[in-house]
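# Fold and geometry: a report
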Amino acid sequence: MICTRRHAVWLGGLAVASVASSRIALAQPIATVEMRGSPRGERIWYDPVGLAVSSGTTVRFTNRDPGNSHTATAYHPANYDRRRRIPAAADPWDSDFLLPDEYFEVTLITPGVYDYYCLPHEMAAMVGRIVVGTPSDVGWEGSSHDKSDVSEDTLTALPLVERILSEVTVRRED
Amino acid sequence: MFRKTVVAFGFIVAAAPTAKAHDEQVLANAPAGDPYVKVSDVLPLPEFIPGLGTLFVDPTTLPAGPFLAYDRDGRLSATVYMTPLDDLQNGASFDGLNIGSHTVSSTDIYFNAGHPGVDKPHAHVVLFHDENAKERLAE
């Protein structure tokens, strides 16, 4: 199960749009992933690129790149007919394009490994991985072994699940 | 779940005189007229991009452009070309490209990993039209 919502925040935090309804409880934990880029757009990345959270955590994707737009799009047939790289029991999500300072939230319930990408920047290996729970959780589904739909650069950019579980937060290495 | 927005070039035709590629007077101030469209009107990009300013492009010239870059006061400050690296590597060339102004004070060329409109990794070739243009486009 996944709950999603999208917000546009402009001019110092004025929330002007809330698109989807949400059943997210206030007490649920929130984790943050930021979309970032170098000033001239030579490099773009998710920060962190790897993240471990507990089941029920709401992950907020915020675009902190002032010169570009980004998405957080789960690898799933429902999103541009991509091969699934999230647990089978989980619903896919797609943030749509986020302009600077806009954010999108998704609540992840099903234990397992979730891989996602930035729609306009997958070719530049802007991908991320979220690990929900641990392999001992009921219903856990580990990382996809399917290599038919992603480039070698993409696979290389995804941190190993073991490292994410060990370090909780994995940031991009320059 | 949200409805997916399919981003395509909507050809917004402004009620402005047709702007020839070398018609410097028409292009000197924003908005550039037909066939140019404001990039942020048709693509999910900020209206003012730090380093590039407010961009206008004739969609039929994508991906190379020219993109006309205006400062916050609407003054044409640079002409920008965007050339995908793998297109070049595969033998494509971009010849005879138009230019927003015949006055060029300096040129910057740098890599860009991609953005809506020109998704492939590409080079930005930026022709600045006066000495202070880069500063005005910076932010």
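These remarks concern the structure in this document. On a predicted model such as this, the values are computed, not experimentally measured, just so you know. (Residues numbered from 1 in each chain as written. Chains lettered and ligands numbered in written order. Predicted model: local features only at pLDDT ≥ 70, side-chain atom pairs only at ≥ 80, totals over all residues.)

Below, the discussion takes up the overall build of chain A. Check the secondary structure of chain A and you find 2 helices and 11 strands. Mapped from its N terminus to its C terminus, chain A presents α and β elements in the order β-β-β-β-β-β-β-β-β-β-α-α-β. Considering chain A as a whole, with its 174 residues, one finds that 46% of them fall into the buried category. At a minimum sequence separation of 6, the contacts of chain A that also span at least 24 residues come to 67%. (Helix = DSSP H or I, 4+ residues; strand = E, 2+ residues; numbered from the N terminus. Buried ≥ 20, exposed ≤ 12 C-beta atoms within 10 Å, placed from the backbone. Contact = placed C-beta atoms within 7 Å.)

Residue and element names in this part refer to chain A. With mixed pairing, 5 strands are arranged side by side in an open sheet as β7-β9-β10-β5-β11. Across the chains shown, the open sheet's two edge strands, defined by having one partner strand only, are β7 (73–74) and β11 (169–170). One ladder, built from 2 bridges, connects β7 with strand β9 (residues 112–117); its direction is antiparallel. The partner of Thr73 across the bridge, within β9, is Tyr117. (Pairing = 2+ DSSP bridges.)

Residue and element names in this part refer to chain B. Strands sit in the order β1-β2-β3-β4-β6-β5 across an open sheet of 6 strands; the sheet is antiparallel. Strands with a single pairing partner mark the edges of an open sheet, and in this sheet they are β1 (37–38) and β5 (106–112). Pairing of β1 with strand β2 (residues 54–57), which is carried by 2 bridges, proceeds in the antiparallel orientation. Paired with Lys38 across the bridge in β2 is Phe56.

It is worth spelling out the pairing of strand β6 (residues 57–63) of chain A at this point. All names here are of chain A. Within β6, 5 of the 7 residues are buried, which leaves it mostly tucked inside the rest of the structure. In the sheet, strand β3 (residues 30–37) pairs with β6 via 6 bridges, with the strands oriented parallel. Each bridged residue has a counterpart across the sheet, and for Ala31 the counterpart in β6 is Val59.

Note on backbone geometry: most residues besides glycine have negative phi, and most peptide bonds are trans. In this model, Ala30 of chain B is joined to Pro31 of chain B through a cis peptide bond whose omega is 0°. Tracing the sequence through the fold places Pro31 of chain B in the loop between α1 (24–27) and β1. Each neighbour pair has its own omega, and for Leu62 of chain B with Pro63 of chain B the value is 5°, a cis peptide bond. Its place among the elements puts Pro63 of chain B in the loop between β2 and β3 (67–70). Within the chain, Tyr80 of chain A stands out as a residue other than glycine whose phi angle is a positive 60°.

Tracing the backbone through its elements, the reader meets Tyr80 of chain A in the loop between β7 and β8 (103–108). Each C-alpha atom of the pair Tyr80 of chain A and Phe61 of chain A lies 20 Å from the other, and the pair is 19 residues apart in sequence.

With that settled, the discussion passes to the environment of Glu131 of chain B. Residue and element names in this part refer to chain B. Position of Glu131 among the secondary structure elements: in the loop between β6 (122–128) and α4 (133–138). With 9 C-beta atoms packed within 10 Å, Glu131 lands in the exposed category. Sequence separation between Glu131 and Leu43 is 88 residues, and the spatial gap between their C-alpha atoms is 29 Å.

It is worth spelling out the pairing of β6 of chain B at this point. Residue and element names in this part refer to chain B. With 6 of 7 residues buried, β6 is to be regarded as a mostly interior element. Examined bridge by bridge, strand β4 (residues 76–84) and β6 share 7 bridges and lie antiparallel to one another. Within β6, the position partnered with Ala78 by the bridge is Phe128. Pairing geometry for β5 and β6, over 7 bridges, is antiparallel. Residue pairing across strands places Asp108 opposite Val126, the latter belonging to β6.

None of this, on its own, says anything about what the molecule does.
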